[in-house]
There are 2 protein chains.
Amino acid sequence: MLHLIIAEAELELVPESIRDHPAVVNYARRRKKKPEEVILDSTYHHAALKKLPDGDRRGRPDIVHICLLNALESIANKEGLLRVYVHTRNDEVIHIKPETRLPRNYNRFLGLMESLFKKGAVPEELELLRMEKKPLESLLEGITPDTVFVMHEEGELIRPRSFGEILASHKNPAVVVGGFPHGDFTRPIEGKKVSLYREPLMAWTVVNEILVNFEAALGL
Amino acid sequence: MLHLIIAEAELELVPESIRDHPAVVNYARRRKKKPEEVILDSTYHHAALKKLPDGDRRGRPDIVHICLLNALESIANKEGLLRVYVHTRNDEVIHIKPETRLPRNYNRFLGLMESLFKKGAVPEELELLRMEKKPLESLLEGITPDTVFVMHEEGELIRPRSFGEILASHKNPAVVVGGFPHGDFTRPIEGKKVSLYREPLMAWTVVNEILVNFEAALGL
């Protein structure tokens, strides 16, 4: 089983310190929600984000959405060979059942995430998505992978096809992909650092390279 | 050069016959646009879509968005080995320059598409995206590919890795992927029908399988 972790993802509710910013207040009103109930989104809260530490990288639920759509609709997932997790900048972990059919529409996805932050699990009975407070280290401990790879711009350059073969040669590998637009993980992660290309890649491109080459190595 | 065509994509302005439907009128008002200026979107125009032929598959700009984000951010594109086109149900073709950095945010992408339908090219000077009236056959004729593959549920089952190798063995192959959520192409397309999996796959999954396996076959 391949465990794919989108880590330090820029997915959070609007932080308290900017809840009274006009960009946030107007956005929440337009969506008929309270400011503390809406997901931070750099497209709409750009002006308010300038006041936050790491403001130039926060508020990117779109990255999580695209990574998850690619992962959940992959052949690897259809074959039952994949588990996907989202770990956020605030140390929440989202567990996602493999059979989850995520909303394709971004605005509906935002609504789902807002619901998840409020209720802890959605939909109520099926609990396809479940969120808990948990640091990355504890998530990894719980998975008990036989090896951990951390996708990193400064990691060892390995061709994607070879990396797929390495992953396929393990029983229970975990791969950590940063769920942020640029920069580095803010905390150290134990694992082998790997880079797939000489230039930075978007998180969802890394996800695609990993999953498709993993499948190919397994002869799928 | 690999030519990737998202064909018969469900991308269109709201058709005239439903422009006075309340679901459309309210949506356009909310977005401060005229009903004839907004892109048809099944998430918001569901009630109106029921009145249209093929209403159960139309209004899916999200599929185009995700396919394009994956294709434009792929290693194949960064290496200059890819051209991407969108062909719509109404026989428009969108030419996309490889260096285009598409909006990651879905709502901004919709705005860009609305602008493209209005102006024919965006942004004005760079013309990163350019739209023209053109059937799929003429697009293919213009590309002069040495072979055309049509991704199709009933096509010959070829493993994705092998298909990547077939593509890499051609100088100028074209691959046609349906830009609709389910069902078949409405018009026949000349080319070899290929299927990558025993079950239907989402359009963006097919795009990912094609591009990553094409890159791998080239040793990237």
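This one's a predicted model, so the numbers in the text were calculated from it and none came from an experiment.

Remarks on the overall build of chain A
- The helix and strand inventory of chain A stands at eight helices and eight strands.
- Here the C-alpha atoms of chain A give a radius of gyration of 17 Å, agreeing with the 17 Å that 2.2 N^0.38 yields for 220 residues.
- With respect to the three principal axes, the spread of C-alpha positions in chain A is 50 × 40 × 30 Å.
- The proportion of buried residues among the 220 residues of chain A is 58%.
- Across chain A, contacts joining residues at least 24 apart in sequence account for 76% of those joining residues at least 6 apart.
- For chain A, the accessible surface area stands at approximately 9300 Å², while carbon and sulfur atoms represent 49% of it.
- For chain A, the distance from the average site of its 31 positive side-chain charges to the average site of its 33 negative ones is 6 Å.

Points about the sheet that holds strand β2 (residues 82-88) of chain A
All names here are of chain A.
- The strand order across the open sheet formed by eight strands is β4-β5-β3-β2-β1-β7-β6-β8, and the pairing between neighbours is mixed. Here the strands that pair on one side only, and so sit at the sheet edges, are β4 (121-122) and β8 (192-195).
- Note: β2 against strand β3 (residues 92-96), four bridges, orientation antiparallel. Within β3, the residue paired with histidine 87 across the bridge is valine 93.
- Its contacts with the sheet place helix α3 (residues 61-72) against β1 (2-9), β2 and β3, and it is angled at close to 170 degrees to β2.

A word on helix α7 (residues 160-168) of chain B
- Within the sequence span of α7(B), burial applies to B:Pro160, B:Phe163, B:Gly164 and B:Leu167. Looking straight down α7(B), one finds its buried side chains confined to an arc of 105 degrees; they lie on one side.
- Residues of α7(B) that are buried sit in contact with α4 (75-78) of chain A together with β1 (2-9), β6 (147-157), β7 (173-178), β8 (192-195) and α8 (203-217) of chain B.

Here we look at the relation of the copies chain A and chain B
- Take chain A, turn it by 180 degrees, move it 0.0 Å along the axis, and it overlays chain B with an RMSD of 0.0 Å. When the rotation and shift are considered jointly, the pair of chain copies conforms to a two-fold rotation axis.
- By residue overlap, the copies meet face to face through one surface: 100% of the interface positions of chain A are interface positions in chain B.

Regarding the UniProt feature "binding site: S-adenosyl-L-methionine" (unreviewed entry) in chain A
Residue and element names in this part refer to chain A.
- Under the local residue numbering, the UniProt record ascribes the feature "binding site: S-adenosyl-L-methionine" (unreviewed entry) to Gly178, Gly183, Leu196, Tyr197, Arg198, Glu199, Pro200 and Leu201.
- Tracing the chain through its elements places glycine 178 in strand β7 (residues 173-178).
- Once you skip the residues sitting within four places of it in the chain, glycine 178 turns out to touch Ala7, Phe185 and Ala203.
- Relative to the helices and strands, glutamate 199 resides in the loop between β8 and α8 (203-217).

Re the nonpolar core
- Membership of the largest hydrophobic core comes to 122 residues, with the highest contact counts inside it found for A:Phe163, A:Val177, A:Ile210, B:Phe163, B:Val177 and B:Ile210.
- When neighbours within four sequence positions are excluded, A:Phe163 is seen to be in contact with A:Phe149, A:Met151, A:Ile158, A:Val175, A:Val194, A:Leu196 and A:Ile210.

Digging into the UniProt feature "site: Interaction with substrate rRNA" (unreviewed entry) in chain A
- Here the UniProt feature "site: Interaction with substrate rRNA" (unreviewed entry) sits at A:Arg60, A:Arg101, A:Arg104 and A:Arg108.
- Relative to the assigned elements, A:Arg60 resides in the loop between α2 (42-49) and α3.
- Residue A:Arg60 is classed as buried on the basis of its relative accessible area of 13%.
- Other than its neighbours up to four places away in sequence, A:Arg60 contacts A:Glu10, A:Leu40, A:Ser42, A:Pro181 and B:Arg104.

Some thoughts on the domain arrangement of chain A
All names here are of chain A.
- What the domain assignment lists for chain A is domain 1 (2-10 + 59-218) and domain 2 (12-50).
- A C-alpha centroid distance of 26 Å is found between domain 1 and domain 2.
- Each side of the interface is counted separately: domain 1 has 13 residues, and domain 2 has 11 residues.
- When the buried surface of domain 1 facing domain 2 is broken down by residue, Gly59, Glu114 and Phe117 rank first, second and third, together holding 50% of it.
- Our enumeration of links across domain 1 and domain 2 arrives at three salt bridges.
- In this structure, glutamate 114 and lysine 33 form a salt bridge, with 3.0 Å as the shortest nitrogen-oxygen distance.
- Along the contact surface separating domain 1 from domain 2 lie seven residue pairs in polar contact (both at pLDDT 80 or more).
- With seven residues, helix α5 (residues 106-119) is the largest single contributor of residues to the side of domain 1 that touches domain 2.
- Of the residues belonging to the side of domain 1 that touches domain 2, the class tally is five nonpolar, three polar and five charged.

Things to note about the pattern of salt bridges
- All told, the structure shown has 36 salt bridges over all chains when counted by the stated rule.
- A:Arg89 serves as the salt-bridge partner of A:Asp54, at 3.2 Å between the closest nitrogen and oxygen. One end of the pair, A:Asp54, is in the loop between α2 and α3; the other, A:Arg89, is in the loop between β2 and β3, and 35 residues separate them in sequence.
- Given a relative accessible area of 19%, A:Arg89 falls into the buried group.
- For B:Glu37, the salt bridge identified is with B:Lys118, shortest N-O distance 3.3 Å. One end of the pair, B:Glu37, is in the loop between α1 (22-30) and α2 (42-49); the other, B:Lys118, is in helix α5 (residues 106-119), and 81 residues separate them in sequence.
- Salt bridges here are not isolated pairs; linked through shared partners, they connect A:Glu8, A:Glu10, A:Asp54, A:Arg57, A:Arg89, A:Asp91 and A:Arg187.

A look at the interface of chain A and chain B
- In this assembly, 40 residues from chain A lie in contact with 40 residues from chain B.
- In total, about 3400 Å² of surface goes out of reach between chain A and chain B, with carbon and sulfur atoms giving 50% of it.
- By the criterion of area lost to chain B, the three top residues of chain A are A:Ile75, A:Arg104 and A:Arg161, representing 17% of everything that side buries.
- Scanning the region where chain A abuts chain B turns up four salt bridges.
- The residue A:Glu165 makes a salt bridge to B:Arg161 at a minimum N-O spacing of 3.2 Å.
- On the surface where chain A and chain B come into contact, there are 23 residue pairs in polar contact (both at pLDDT 80 or more).
- Looking at the side of chain A that touches chain B, the element that brings in the most residues is α8(A), giving nine residues.
- Here the residues of the side of chain A that touches chain B sort into 16 nonpolar, nine polar and 15 charged.

Cut-offs applied
Residues numbered from 1 in each chain as written. Chains lettered and ligands numbered in written order. Predicted model: local features only at pLDDT ≥ 70, side-chain atom pairs only at ≥ 80, totals over all residues. Heavy atoms only, no water. Helix = DSSP H or I, 4+ residues; strand = E, 2+ residues; numbered from the N terminus. Rg over C-alpha atoms; globule rule 2.2 N^0.38 Å. Buried < 20%, exposed > 50% of the residue type's maximum accessible area, 1.4 Å probe, protein only. Contact = heavy atoms within 4.5 Å. Areas by Shrake-Rupley, 256 points an atom, 1.4 Å probe, with all protein chains shown as cover. Lys, Arg positive; Asp, Glu negative; His and termini not counted. Charge placed at Lys NZ, Arg CZ, Asp CG, Glu CD. Pairing = 2+ DSSP bridges. Axes fitted to C-alpha atoms, helices over the stretch in contact; angles between N-to-C directions. Arc of directions from axis to C-beta. Least-squares fit on C-alpha atoms with pLDDT ≥ 70 in both. UniProt positions renumbered as here; feature names shortened; annotations may be inferred. Core = buried A, V, L, I, M, F, W, Y, C linked by side-chain atoms within 4.5 Å. Domains from an automatic or database assignment. Buried area = accessible area lost by both parts, 1.4 Å probe. Salt bridge = Lys/Arg side-chain N within 4 Å of Asp/Glu carboxyl O. Polar contact = N/O pair within 3.5 Å; in protein donor to acceptor, adjacent residues only side chain to side chain. Nonpolar A, V, L, I, M, F, W, Y, C, P; charged D, E, K, R; others polar.

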